[in-house]
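# Notes for the structure review
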Amino acid sequence: VSACNHKTTPALEDEDAQIASNVSMFSSKENQKQWVLQAQSVNFENMQSATLKQPRLLLKQNGQDSATVSGDIGTFNYTEQLVTIEGDATLESITEQARITAPRFFYSIAQDRIWSNAKTIIKRGSARSVAIHGIETDSKLTRIVIKKHATQLPVSRQELQRNGR
C-alpha cells in the first residue's frame, strides 16, 4: 500500500492528530494498480485504521477502471486490510453499467470482495432489485449474490408445468 498527494495539517482541537488533505492510497501488483483509495481528508491518528472524509475507492481490473465505491465517511483498517465506506454509499460498476446503493459497503483487499449487510438497491438500466439483507460480489461485479435469498425449486415436472401457466 502506498500513499501520495497528501498535505498534513494539524487539527485545531488536538495537536497530536495526523490529518492529511486530498490523499490517494493505492496498491499495485505487476506494475498495475489494483485499487486506488482517495479521500478529501484522512485522519491517521489511530495506528490500526485511518478515518476518511468523502472517500472514493476506485477498483481496477487488468489496469482498467472497473468500479467505484463512494460515500460520506469511511475507514481503512490496515491490519484487516478492510475499507468501509458509508453514508449514501454507492457502488457503481463501470464495466457492467450497474448502480448499487446501501447505507454501508465493505471491501476486503485480500479477498477482492465487496459486500453490504443492510437493505441494498441494485439498478441496471430499467431493472431494479432490492436485497433486504445485503449483497456480496467481487470487484468485477459480474456476479452479485443477494444474501439470505431463497428460491424453492419445483419438486416435480407437474408442479413446474402447473406454476408455469
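Heads up: the structure comes first, above all this text.
The present account deals with the structure reproduced in this document. (Residues numbered from 1 in each chain as written. Predicted model: local features only at pLDDT ≥ 70, side-chain atom pairs only at ≥ 80, totals over all residues. Heavy atoms only, no water.)

With that settled, consider the environment of Leu 141. Structurally, Leu 141 can be placed in the loop between strand E14 (135-138) and strand E15 (145-146). Given a relative accessible area of 4%, Leu 141 falls into the buried group. Sequence separation between Leu 141 and Ser 93 is 48 residues, and the spatial gap between their C-alpha atoms is 6.6 Å. Beyond its immediate chain neighbours, meaning those up to four positions away, Leu 141 contacts Ala 67, Leu 91, Ser 93, Glu 96, Ile 100 and Ile 114. (Helix = DSSP H or I, 4+ residues; strand = E, 2+ residues; numbered from the N terminus. Buried < 20%, exposed > 50% of the residue type's maximum accessible area, 1.4 Å probe, protein only. Contact = heavy atoms within 4.5 Å.)

The next subject is unusual backbone geometry. Peptide bonds are, in most cases, trans, and in most cases residues other than glycine have a negative phi. Although it is not a glycine, Gln 54 sits at a positive phi angle of roughly 55°. Mapped onto the secondary structure, Gln 54 falls in the loop between strand E5 (49-53) and strand E6 (56-61). If you check the backbone angles, Gln 81 has positive phi at about 50° while not being a glycine. With a relative accessible area of 24%, Gln 81 lands in the partly exposed category.

Further remarks concern the environment of Thr 101. As for its position among the elements, Thr 101 is in strand E10 (residues 98-108). Its relative accessible area of 26% is what places Thr 101 among the partly exposed residues. Residues Thr 101 and Thr 90, 11 residues apart in the sequence, show an inter-C-alpha distance of 4.6 Å. With sequence-adjacent residues up to four places away left out, Thr 101 is seen in contact with Ala 89, Thr 90, Lys 119, Thr 120 and Ile 121.

This part is about the pattern of salt bridges. If you walk through the whole model with that rule in mind, you get 5 salt bridges. For the salt bridge of Glu 86 with Arg 104, the shortest nitrogen-to-oxygen distance reads 3.3 Å. Separated by 18 residues along the polypeptide, Glu 86 in strand E9 (residues 82-93) and Arg 104 in strand E10 bring together distant segments of the chain. Glu 136 serves as the salt-bridge partner of Arg 113, at 3.3 Å between the closest nitrogen and oxygen. Here Arg 113 is found in strand E11 (residues 113-115), whereas its partner Glu 136 is found in strand E14, with 23 residues between them in sequence. (Salt bridge = Lys/Arg side-chain N within 4 Å of Asp/Glu carboxyl O.)

What follows deals with the packing of aromatic side chains. Tallied over the full model, the rule gives 3 aromatic pairs. Ring geometry for Trp 35 versus Phe 76: centroids 6.0 Å apart, planes at 75°, classification edge-to-face. Of this pair, Trp 35 sits in strand E4 (residues 32-43) while Phe 76 is found in strand E8 (residues 73-77), placing the two residues 41 residues apart along the sequence. By relative accessible area, Phe 76 is classed as buried at 2%. Here Phe 76 and Tyr 78 contribute two aromatic rings whose centre-to-centre distance is 5.5 Å and whose plane-to-plane angle is 80°, an arrangement assigned as edge-to-face. Seen from the ring of Trp 115, Arg 113 lies directly overhead, with NZ or CZ sitting 3.9 Å from the centre. (Phe/Tyr/Trp six-rings, centres within 6.5 Å; stacked < 30°, edge-to-face > 60°. Lys NZ or Arg CZ within 6 Å of the ring centre and 35° of its normal.)

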